[in-house]
Structures are given as structure tokens and as C-alpha cells.
Amino acid sequence: MNQDYLNELNEPQRQAVECTEGPVMIIAGAGSGKTRVLTYRIAHLLNLGADAFQIMALTFTNKAAREMKDRIALLAGNEARNLWMGTFHSVFARLLRADAERLGYPSNFTIYDTDDSKSLLKAILKENNLNDKTYKPSTVLARISSAKNNLLSWREYLQDEELMTSDQQAGRPMMGKLYELYCKRCFKSGAMDFDDLLYNTYLLLDKFPDLLHKYQGRFHYLLVDEFQDTNRLQYMIVKRLAARHENICVVGDDAQSIYAFRGANIENILTFGKDYPDHKVFKLEQNYRSTSNIVNAANSIISNNRNQLPKVVWTANEQGHKIKMLRALSDNEEGSIIADLIYSERMTHQFRYHDFAVLYRTNAQSRAIEEALRRRNLPYRIFGGLSFYARKEVKDLLAYFRLAINPHDEEALRRVINYPARGIGNTSVDRLIAAAGEAEVSVWEVINNIDQYKTGIQTAAREKISAFAAMIKSFHVMLPTHAAYDLATYIAKQTTLLHELYSDKTPEGVSRYENIQELLNAIREFTETGKTALPAPSEEATGDDSRTLDAFMSDIALLTDNETKKEDDNADHISLMTVHMAKGLEFKQVFVAGLEENLFPSMLSLNEREDLEEERRLFYVAVTRAEKKLYLSYAATRYRWGNLTHSEPSRFLEEISPEYLDQPAVSHNNEENEGWNHGAEKRQGWFKNQFNNKQGRFKPLYKTASPHPEISFDADDPKDIVVGAEVIHARFGQGKVMSIEGNHPDAKATVFFQGHGNKQLLLKFARLKIV
DNA sequence: GGAGGCCTCGGAAGG
DNA sequence: CGAGGCCTCC
């Protein structure tokens, strides 16, 4: 191992790597070498003689885990294979496979993905005659998820008066009952959903001191990546595991916390400080990624957030180009401007396509940009969308595999009991489920012994059901004796699924058939080498070198990421993705599109300070993706849900200190203010429109008594603002114009605000009102 | 069982 | 507007 590796680190990085004992928190600013520190720290531990089997390192995404593993392997070689390193879910699933039986689950339990969970909830709603509008499966699931992530069992939920009352008042009194039914049904199916993987891990450690003891003794070192994204439950588990040795190292950046909306709990950072009062903090503040203009602009944005840990991100990099503002009249023009700029930048400065990324807030925005790129024949790739394993035909075949392994898996059963069609209709299925519910057994139990249950199903259908059961059983007995690929192809043929897809000669049908072939190829590769081109369970994750189908399937449900085969990965293309997807990535040139009020920040974020601050962190993430050049664009009009809407520039734009901005706004047409003159007026119409929308019923747009109102009013024309005028600013309140420099529309004013001091504001963005 | 019409609804998204 | 779910009709 390269002994000089410590010299490759700056001072705080080196300290963070070398401080191996005791609780440590590393606050890592954007682009400050976070992954480098994590990987070097682990390599350093190994170098000092720590056993890889004693190190647990947890990440959020498969991609992050893979990257880190690869990088550690470069530093520390083969030993890296023995690390307990992976996503929270995959590491805990591995732990559960060993001991889930103590909780009453089979060791070959199924993992339900979100689709399975929603589908189960839908079935439960139907059986209980509940309206799936009132109880939207996604909403119910979110509620259940949040309960589990706060360590609240369904029993506790039902006994919690506050929760019961609030559900009652929200018109959803059955929420707790649904939680109960959902849990019981999963359990009966021998299935865990994503949250159960965490929740049951916690239970296991909580209920069985011998296990807790074993793992506490085993894991001398724990590391958590993206700590700002952990929820309470994840933190609680890690804390328990670390309790013996207390060598726990968490790495994160509060400024990049953008997942609070799905339960991430930034409070964990504070809790960590309380739980480990003697912990050491290291701050990585030097940014190696971006020009100083970009770093400073990002700082000026994030300084508008009230909730943040003190830190100063800086860079020794060159000042670089100022940030370019791009103004368009429409979403289509925005796409054209961006496409033209990419074209000319690439031609004149010898960039490659992969140096460019276009980031946006919502997926719907990709269309206009895509069209512009396509018209110019510029190669691009859109990231996001369905993962390979989420495709219908793939899930169908996987459902058969799942049934072969765990026939109690009700979601898999419902999915394929009549696909391909074998004459078992909805009525029969409903009756099977009803009988199973009555007898409190799994549906498979009923199917397998159909004559012992009063289902009311006709003899003809009963025979078909029995034939189906016999087929599944025949697969089941083949599991231990057949290689994964042999059994997989056998099942694909035997169920006639392969034939069904083959006979569909429409382009979609052909593509579905190809996907199935790709899945089978992946299984073949797994069978032969233990590895696959598709993201698949690694050999060490499966525990031994058996290449059976259940080994392949053991955590396939956890492979939700989008990367499929890297066939055209070498192709040079522009990247299009949401800001969320861009987290952790970097590009030489970044375009952030759609910087408009109600879009970025999203309209849904405007009611609560916390939501708006998360939105601002999201903007911070977007800005800090850029290495060399950053462009921020906005459009005066945009099609949203089929309606032409007018918008005004995002408040975030005026939060950037003007000194980092390049002035002239670019427009294809030279019509200076066309499209903006009536912005305020039209914006009101847009607001009203949205308020009357169904959304408004659940989450009112206006909150009357917000503790820190960000005032909303109609701005005056910038041209009317003169030195000495008293003005109102949405966030800073009332102030006085001290001086104005430059010419309209790019005039810049210095305004003194009580309590905020002098602020430099670009008048065209500041939306000032004259008192 | 499948095609086609109608209705609804729309945020970002990992495992 | 457009995707997806559901119902109806053959």
C-alpha cells in the first residue's frame, strides 16, 4: 500500500483521516474531498492493522457504495472485499438474513419494493371498502414509513391519542388500522418492505441481547456517509451498534440536506453532539471543484438560510468566469439558448459533450431542452426514470422467481397467478384472499390445500389453481439443485412467459422480450462468474459461492438504481437530470434551467420556512455542481400541465451577490422587457388559479400567521426607483436606497435595511416596492 | 381478455 | 398536455 497517501491530503483532511478512535463528525463542504477522506480513512484503518471484517461503512446509494469500494480497493487491494460496506438497506438485509427467524420471518424473506407495498395497500383498501382517494396508497405508505422510521409500531400508533385524533381530524380515521393490516399482511407473506429492513434490524438488536452483544463486539469501526440524510431509525441502529467501541464517524454537509421531505432528520447532527459530548469535529472547507466565483456565489446563496452549521467554504482556485444569466421568453426558447451555448462553447473552447449538464427542478422541464438539443443533433442522455428491475416484464419474471423461493409472497402471487392467462380470474383471486383472511393464513396456504378451505370457487377453476400451485412447487424443489441460470430459463419457458412475449411483434413487445433476455443473460453471468453486467448482488453479499437462483435474488429488490448495462457509457453526451439526481456529481459547465418563482423554489415550498430553506439548499447543490462555468436561466412563459403560464425570476437569483454575476441577460429576440411588464399582474392570476386547484384543499397556499413571513406584494418598475427612495424588500423589509449604479435594466442599487445593513441588489431581480 | 374511451391528476426520489 | 388507472364493451 502506498505509504505516501497521507501526504495527498490537506491538513483538515489528514486530521480527519488520522483521528481513528472515538466519535468523529466530519462536516464536508461541497467539493471538499469528502469521498476521498472517507476512503482514505478506511484505507488508513486497514493500514494500521484493523480487520476489514470489523469495519462497517454505510452509504445511501448503491452507486456511492460501489464507488467507495472501488476506490478503497485501489488503495488497500483485495482486503476491501471483506468490509461490511454498502447501503443501509443492503447491509441490514444481510444481517437480517442471518437471524430474521427470531422475529418469525423466514430467512428467505422477500423484500417488497415500493410498488409491492402500494399494491398491497390498494388490495387492503379494496377489501375494507375504503376509498383510495381519501386513503391514497402513496400517502398511507408515507405515513406508515414515517411511523416506522420513528420507531413507532402499529400497536403504539393505535394507542397514541395524539396521532389518532390528528388522523380523525384529517378525515382519515382508519390510518392506524391500515398500518396494522399492512404489517400483518407483510408478515404473513414472509415479506419486509424497505422500512422493515431498518425497523426489524432495530428490533432484533433490541430484543436479543446476545445478537446486540455479538455485533457490538464485532464492529470496531462504523462510518456513515451523507449523515445529513439519515433518519432517526438509521441513526438509532448505528448508535447501538457503535455502543461498545464508540468509534463512530459520520460525514455530511448540512448545506446539502435535500431529502428532509422523505424523512431525513437533520436533527441527527445535533443529537450526535449530545450523544457523544466528547466527539471531535473536523471541517473540510477547502473546495477543489469550482472557481472562486462559483464558490462565493454559492456561499452568498446559502447565507440566506437561518438553519446552518457555521463553516466557511473557500477555494484556492482561479476566479474564473462570472455566472451568466440567461433570460428567455418561453421554455422552448430557454432550451434553444442553452443548446446554442453548448454548441458554441464546445466548438470554441474544445469541450466534450460530457462536460455539460443541464439541471432542472422537475422532470417535466426536460422536454423543451431535449427538443432543442435534438433539433441541433447534439447527443444527450436523460438520467432518471424507471430502473431496469422496475420494468413490468422484468418484475413479472422476477415474481415467478420470488414465488419459487417464498411462495407465501402474496404480491408476487397476485402478479402472476393469472399471467400469462390461465383462467384464474379476479373473482377466484378475491375468494382465495378472502378465505386466507378468514383463516388467518397466507394465500399460498389456501392455494396449496384448496380443498380444505371453503372458497366457493368452481371445480374447473380449482383445478387450474391446483395446477398453478403444483408448478410453483416444482420450481421450489429445483432451487437447491439447479444453477441459477438453468432454473431461470426453465421457469421463463415453463410458465409460457417467454413465449407470450416472443409472440408480441410490436416494437414495445420486442423491447420487452429483449429485456427478459437481458435479465436472463445477467443471471447466466452471475451463474458463471458470480458477477453480472447488470447491477447485481456481489458474491460477498450472498455469503457463499453458491450460484443458485435464491442467491441471485437475495437483494435484487434493493438494486433500484438506474444504471443498467454500460453499453453506451463511453459515448460522449450532454447530461440532463434533476438537481436531486445531480447531487454528488460535477461538470465543467452547468446550466440550471427554470429559475422561476413557483418552479424553483417550487410553489409547494413557499408556506414553511423549513421547506423554503430546503429548496435553497437544493439550489446550492445545483450551483456547486459546476467546475468552470455556471449558467442560470429562466423563462417568462412556460407550459405547465397544458396551460401557458407566466412566471417571474426566482427569488434565489437576487440572493446571489451581484459581483459574481455577468450582467447582460441573453435573449434571442431583442425585445427587452416583453413578457415581463405584466409579470406581477399575471402572477396573481397564476396564484389564484393554483389555489383553486385541488391541491389547495390539503395544503393551503397562504399561511396567515407565519413566524417569519416572506412578504408578498406587487413590485414597482425598477426604472421608478431613485436614490433616497424608501422601499420594501420581500425578505429584508423596509429600507432606503443609498445609491444606484449602472443602467437599466441592469442597474444595481445599494439599499440600507434596518437590521441587515447595506445590501447590493440588482433592481431587475430585487422586486422592490416604493413606500 | 383486450382495446379503447374517460377520468384524474400532476414534486423531488434511495433503498 | 400526457401518463396511468379504471371501466365498458365486445
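Structure shown above.
Parameters at a glance
Residues numbered from 1 in each chain as written. Chains lettered and ligands numbered in written order. Predicted model: local features only at pLDDT ≥ 70, side-chain atom pairs only at ≥ 80, totals over all residues. Heavy atoms only, no water. Helix = DSSP H or I, 4+ residues; strand = E, 2+ residues; numbered from the N terminus. Buried < 20%, exposed > 50% of the residue type's maximum accessible area, 1.4 Å probe, protein only. Polar contact = N/O pair within 3.5 Å; in protein donor to acceptor, adjacent residues only side chain to side chain. Contact = heavy atoms within 4.5 Å. Pairing = 2+ DSSP bridges. 1 Å grid on protein atoms, 1.4 Å probe; cavity = no way out; pocket = protein on both sides within 12 Å on 5 of 7 lines; lining within 4 Å. Points joined across faces, edges and corners; volume = space filled by probe spheres on them. Nonpolar A, V, L, I, M, F, W, Y, C, P; charged D, E, K, R; others polar. Expected span 1.5 Å × (residues − 1). Axes fitted to C-alpha atoms, helices over the stretch in contact; angles between N-to-C directions. Parallel < 35°, antiparallel > 145°, perpendicular 65-115°, else oblique.

Chemist: What am I meant to see in the side chain of threonine 495 here?
Modeler: Structurally, threonine 495 can be placed in the loop between α22 (484-494) and α23 (497-502). According to the relative accessible area criterion, threonine 495 is buried, its value standing at 2%. Reaching out from threonine 495, the side chain makes a polar contact with the backbone oxygen of alanine 492 at a distance of 3.4 Å. Discounting chain neighbours no more than four positions away, the residues touching threonine 495 are Tyr400, Pro420, Arg422, Met471 and Phe475.

Chemist: Help me understand the pairing of strand β21 (residues 748-753) in this model?
Modeler: A regular strand carries its side chains on alternate faces of the sheet. Of all the six residues making up β21, five are buried; the element is thus mostly covered by neighbouring parts of the structure. Across six bridges, strand β20 (residues 733-741) lies against β21 in antiparallel orientation. Of the residues in β21, the one forming a bridge with glycine 735 is phenylalanine 753.

Chemist: For this particular structure, what's the right way to read empty space enclosed by the protein?
Modeler: Which parts of space are left empty comes out when a probe the size of a water molecule is rolled across the atoms. Counted according to the given criterion, the structure contains six cavities of 30 Å³ or more. Volume-wise, the second largest cavity comes out at about 60 Å³. Every residue lining the second largest cavity is counted, 10 residues in all, and those nearest its centre are Glu596, Glu597, Arg640, Thr645 and Ser647. Elements that contribute at least two residues to the lining of the second largest cavity include exactly β16 (626-640) and β17 (643-646). Its residues placed into classes, the lining of the second largest cavity shows two nonpolar, four polar and four charged.

Chemist: Could you clarify how one ought to interpret helix α2 (residues 34-47) in this entry?
Modeler: Think of an α-helix as turning once every 3.6 residues; residues three or four places apart then point the same way. Between its first and last C-alpha atoms α2 spans 20 Å; for 14 residues at 1.5 Å apiece the expected length is 20 Å, and the two agree. Of all 14 residues that make up α2, 11 are buried, and the element is covered over most of its length. When we look at burial in α2, the residues that qualify are Lys34, Val37, Leu38, Thr39, Tyr40, Arg41, Ile42, Ala43, His44, Leu45 and Leu46. Among the residues trailing α2, glycine 49 stands out with phi positive, at a value near 105°.

Chemist: Help me understand the sheet that holds strand β3 (residues 84-87) in this model?
Modeler: The pairing of strands in a sheet happens through backbone hydrogen bonds and is either parallel or antiparallel. Strand order in this open sheet of six strands is β3-β2-β6-β7-β1-β8, and the pairing throughout is parallel. Edge positions in the sheet fall to β3 and β8 (280-284), since each of these pairs with one other strand and no more. Neighbouring strand axes in the sheet, compared pairwise and without regard to direction, differ in orientation by 15° on average. In the sheet, strand β2 (residues 55-59) pairs with strand β6 (residues 221-224) via four bridges, with the strands oriented parallel. Paired with isoleucine 55 across the two strands is tyrosine 221, which belongs to β6.

Chemist: What is the right way to look at the packing of helix α14 (residues 292-302) against helix α28 (residues 609-623) in this model?
Modeler: The relative placement of two packed helices comes down to the angle between their axes together with the axis-to-axis distance. Where α14 meets α28, the axes come as close as 9 Å, and the angle between the chain directions of the two elements is 180°. Of the possible angle classes, the one that applies to α14 and α28 is roughly antiparallel. Packed against α14, whose contacting residues are Ile294, Ala298, Ile301 and Ile302, the element α28 presents Arg616, Arg617, Phe619, Tyr620 and Val623 at the interface. Here the contact of α14 with α28 is composed, by residue class, of seven nonpolar, no polar and two charged.

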